[in-house]
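Secondary and tertiary structure notes
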Amino acid sequence: MPRLCVNGATIHYEEHGTGPETIVFAHGLLWSGRMFDRQVDALKDRYRCITFDFRGQGQSEVTASGYDMDTLAADAAALIEALHCAPCHFAGLSMGGFVGMRLAIRRPELLTSLILMETSADPEPRENVGRYRMLNFIARWLGLRLVADQVMPIMFGAKFLNDPTRARERAIWRERMVANHRIGISRAVQGVIDRQGVYDQIDWITAPTLIIVGDQDVATPPDKSRRIHARIRNSTLVVIPGAGHTSTVEEPDAVNAALRRFLDALAGDDA
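Now for the pairing of strand β2 (residues 9-16). Within a regular beta strand, the side chains point alternately toward one face of the sheet and then the other, so they alternate between its two faces. Pairing between strand β1 (residues 3-6) and β2: four bridges, direction antiparallel. Bridging across to β2, C5 finds its partner in T10. In textbook terms, the turn of a hairpin is the stretch between consecutive antiparallel strands, and for β1 and β2 this stretch comprises two residues, one of which, N7, has a positive phi near 55°. By the bridge criterion, four bridges tie β2 to strand β4 (residues 48-52) in an arrangement that is antiparallel. What sits directly across from H16, in β4, is C49.

Between two packed helices, both the angle of their axes relative to each other and the distance between the axes serve to describe the pair. Where helix α5 (residues 148-155) contacts helix α7 (residues 167-178), the two axes come as close as 11 Å, and the packing angle between them is 115°. When the interaxial angle is binned, α5 and α7 end up roughly perpendicular. α7 is crossed by α5, and the crossing has right-handed handedness. Note on element contacts: α7 touches α5 through R170, R174, M177 and V178, opposite A148, D149, V151 and M152. Tallied by class, the residues present in the contact of α5 with α7 amount to five nonpolar, no polar and three charged.

Moving on, we come to the environment of D194. One can find D194 in the loop between α8 (182-193) and β7 (209-214). Counting along the chain gives 63 residues from D194 to R131, while the straight-line C-alpha distance between them is 13 Å. Of the polar contacts made by the side chain of D194, one reaches the side chain of R133; its length is 3.2 Å.

Below, the discussion takes up the side chain of S186. Mapping S186 onto the fold places it in helix α8. Classification of S186 as buried rests on a relative accessible area of 9%. Beyond its immediate stretch of four places on either side in the chain, S186 contacts N136 and R140.

Among the secondary structure elements, D223 is positioned in helix α9 (residues 222-231). Separated by ten residues in the primary sequence, D223 and V213 have C-alpha atoms spaced 9.3 Å apart. Only 2.7 Å separates the side chain of D223 from the side chain of R226, close enough to count as a polar contact.

This paragraph deals with the sheet that holds strand β5 (residues 88-93). Taking strand neighbours across the sheet as the criterion, the eight strands line up as β1-β2-β4-β3-β5-β6-β7-β8 in an open arrangement whose pairing is mixed. Of all strands in the sheet, those bounded by a partner on one side alone are β1 and β8 (235-240). Averaged over all pairs of adjacent strands, the angle between strand axes in this sheet comes to 25°, irrespective of strand direction. In this structure, β5 lies alongside strand β6 (residues 111-117), joined through six bridges in parallel fashion. Pairing of C88 across the sheet is with L111, part of β6.

Attention now goes to unusual backbone geometry. Geometrically, the link from A86 to P87 is a cis peptide bond, its omega value of -5° lying close to zero. Positionally, P87 belongs in the loop between α2 (69-82) and β5. In this model, N7 sits at a positive phi of 55°, which is unusual for a non-glycine residue. Mapped onto the secondary structure, N7 falls in the loop between β1 and β2. Unusually for a residue other than glycine, L30 sits at a positive phi of about 85°. With respect to the helices and strands, L30 occurs in the loop between β3 (22-26) and α1 (37-43).

What counts and how
Residues numbered from 1 in each chain as written. Predicted model: local features only at pLDDT ≥ 70, side-chain atom pairs only at ≥ 80, totals over all residues. Heavy atoms only, no water. Pairing = 2+ DSSP bridges. Helix = DSSP H or I, 4+ residues; strand = E, 2+ residues; numbered from the N terminus. Axes fitted to C-alpha atoms, helices over the stretch in contact; angles between N-to-C directions. Parallel < 35°, antiparallel > 145°, perpendicular 65-115°, else oblique. Left-handed = near helix turned anticlockwise from the far one by under 90°. Contact = heavy atoms within 4.5 Å. Nonpolar A, V, L, I, M, F, W, Y, C, P; charged D, E, K, R; others polar. Polar contact = N/O pair within 3.5 Å; in protein donor to acceptor, adjacent residues only side chain to side chain. Buried < 20%, exposed > 50% of the residue type's maximum accessible area, 1.4 Å probe, protein only.

Functional significance is not addressed by these values, which are geometric in nature.
Have a look at this one:
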């Protein structure tokens, strides 16, 4: 089981495929690198694909501190350097996108391109904070199973949640969510709730940027992605029909097609 000690935390990562370029995938809150399984399967024949779990989530260490977005960005930078994959394509979903924007702003030499999925450059909206703190309190002290039914509609869109043919998939992802370490996940959630915005800095981003958002995303609605797109020069926006906050799972074929178009265009520019 591959692990690295970076920035004071033991981080679990996985590596699949080979190629002259590397894609590093950074997951969203409550999940792990497994949320990119379909993307890795689609791209590993041409790219070195690396997924990792943020501290406190998945199979990474539950540390006492370091869950703020700046520290997580430092973790990601250290992992990229330790695995000798700079410059890389960095694909971040939601919380992974918070980290990706910080890397692109502060460590541009590490990135060939930036891929942002279902994310925001703003602080957590004030109207969400009280509800999220309460859900986090319950999860921390009583377990995530008690809040799973309230969290699933935040993480997934109506199409995925109501499709009778995908009941088994929903059950798998629900169980992965409730399997989180209660202390680790409560610290990770707090880091997301308390994050600072970077909207006033994202116009510094020079890396070619792909922005993907599901049209049913209620956690970071499409307007958040349009706002990012308007401020980052050389960015492309793709809206995925029928996807919520976890498009890589809900509509993987559409996401993979968008990734291929973007990466192929970059390769063509380099040719």
